[in-house]
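# Coordinates in review
Read off the chains here:
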Amino acid sequence: MKAREFVRPFQIVDGSHFRLKDFDPAETLGLRSKEHAEKTLERGIARLAELQEKLYAQDRWAILVILQAMDAAGKDSTIKHVMSGVNPEGCEVHSFKAPSAEELQHDFLWRTSLALPERGKIGIFNRSYYEEVLVVRVHPEFLASKKIPAKLVTENIWEKRFEDIQTFERYLAGNGIIVLKFFLHLSKQEQKKRFLERLDLPEKNWKFSMNDVLERRHWEKYMSAYEEMIQNTSSKHAPWHVVPADHKWFSRLVVAEAVIDAMENLDLSFPKLDAAKRKELKLARRALKREG
């Protein structure tokens, strides 16, 4: 069985009936061997490198990978492993933390719009504009710092943002930017285990933040926000992938195969040269050989 077959059950095109409780964070779909998954991922990384070279050469499409998750779900390590074989010139990673003073002077899509990938490149958002319907929704007091006119902050603000995001992603798709969205679905128990590991291992102490523990108090609110986000923003042109994240080796494989699957559907190829260009190459070859 090809690993790519594991991807399809996690893609949510129509989110209207989506329920987070139907997805097990520890799911591996029968793939129990970490070693097997890592070998399959190696082949996937090599295939991704081939596709990325054609994407860059063709210079028509762009890929936007969005990773959203609770803390310790493995966003950083997923990027590190899945993109390990890609030419750095053709890939850019942007991490979005708390907005800066400049960013707060603009609309909520502004800062991410500046970081969209160029044609021919893969762009990765470690968190994204979706924070504006996640952390800001869980902490509505953050809206005060956004400088939005008071009369616009209504009870329908989240529904309006969902609509804005769908419109934005439809616009991106219509301009050749393939939007791939991944929610790394981590269980509360596994997050606790990973936090304790960060505390126990000196080389991981730097990853720990007390705020991460404080945010666990809002776990149920976050799960509700993620569920509504997926219900309202999954679409044919920008589906969500709900990725079981309790086993990092499995989540990395799912993300890699989903990206490969999307890029293979683009029918990427190296540009074909016209007659004038082929003539130019012949002249260049002749000139080089004449150099003696």
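Let me sum up the structure you'll find in this document.

Cut-offs and rules
Residues numbered from 1 in each chain as written. Predicted model: local features only at pLDDT ≥ 70, side-chain atom pairs only at ≥ 80, totals over all residues. Heavy atoms only, no water. Helix = DSSP H or I, 4+ residues; strand = E, 2+ residues; numbered from the N terminus. Expected span 1.5 Å × (residues − 1). Buried < 20%, exposed > 50% of the residue type's maximum accessible area, 1.4 Å probe, protein only. Pairing = 2+ DSSP bridges. Contact = heavy atoms within 4.5 Å. Polar contact = N/O pair within 3.5 Å; in protein donor to acceptor, adjacent residues only side chain to side chain. Salt bridge = Lys/Arg side-chain N within 4 Å of Asp/Glu carboxyl O. Arc of directions from axis to C-beta. Patch = residues over 30% accessible without salt bridge, like charges linked within 9 Å, V, L, I, M, F, W, Y side chains within 5 Å. Areas by Shrake-Rupley, 256 points an atom, 1.4 Å probe, with all protein chains shown as cover. Lys, Arg positive; Asp, Glu negative; His and termini not counted. Charge placed at Lys NZ, Arg CZ, Asp CG, Glu CD.

A separate point is helix 10 (residues 275–290). Given a rise of 1.5 Å per residue, 16 residues ought to cover 22 Å, and the 23 Å separating the end C-alpha atoms of helix 10 matches this to within 8%. Burial within helix 10 is sparse, with just zero of its 16 residues counted as buried.

Right, let's talk about the pairing of strand 6 (residues 240–244) for a bit. In summary, the side chains of a regular strand alternate between the two faces of the sheet. Counting buried positions along strand 6 yields five of five residues, so the element is predominantly enclosed. Burial along strand 6 is two-sided: the residues W240, V242 and P244 and H241 and V243 are all buried. Bridge count for strand 1 (residues 11–12) against strand 6 is two bridges, and the pairing is antiparallel. The partner of Q11 across the bridge, within strand 6, is H241.

With respect to the helices, strands and loops of the structure, R198 is situated in helix 6 (residues 188–200). The spacing of R198 and F208 is ten residues in sequence and 6.0 Å in space, taken between C-alpha atoms. With residues up to four places along the chain from it excluded, the contact list for R198 reads A72, K204, N205, K207, F208 and D212. In this structure the side chain of R198 is engaged in a polar contact, spanning 3.4 Å, whose partner is the backbone oxygen of K207.

Looking now at the pattern of salt bridges. Inspection of the entire model under this criterion finds 17 salt bridges. For the salt bridge of D71 with R127, the shortest nitrogen-to-oxygen distance reads 2.8 Å. Linking D71 in the loop between strand 2 (62–69) and helix 2 (75–82) with R127 in the loop between strand 4 (122–126) and helix 4 (135–138), this pair joins segments that are 56 residues apart in sequence. Of the residues examined, R127 reaches a relative accessible area of 18% and is grouped as buried.

Right, let's talk about helix 8 (residues 219–233) for a bit. With 15 residues, helix 8 ought to run about 21 Å at 1.5 Å a step, and its terminal C-alpha atoms sit 21 Å apart, in line with that. Of all the residues in helix 8, the buried ones are W219, Y222, M223, A225, Y226, M229, I230 and T233. Angularly, the buried residues of helix 8 cover 160 degrees about the axis, an arc narrow enough to put them on a single face. Within helix 8, the exposed residues directed more than 90 degrees away from the buried face are E220 and K221.

Our focus in this paragraph is the pairing of strand 5 (residues 177–185). Counting buried residues along strand 5, nine of its nine residues qualify, which places the element largely inside the surrounding structure. With burial as the criterion, each face of strand 5 is covered, one bearing I177, V179, K181, F183 and H185 and the other bearing I178, L180, F182 and L184. Inspection of the sheet shows strand 2 paired to strand 5 by eight bridges, in the parallel sense. Across the sheet, residue I63 finds its bridge partner in strand 5, namely I178. Taken together, the five bridges between strand 5 and strand 6 define a ladder with parallel strand orientation. Its bridge partner being in strand 6, F182 is matched across the sheet by H241.

Among the surface-exposed residues, R278, K282, R286 and R290 lie close enough to one another that they form a single positively charged patch. When you line up the elements, R278 lands in helix 10. Owing to a relative accessible area of 45%, R278 belongs among the partly exposed residues under this scheme.

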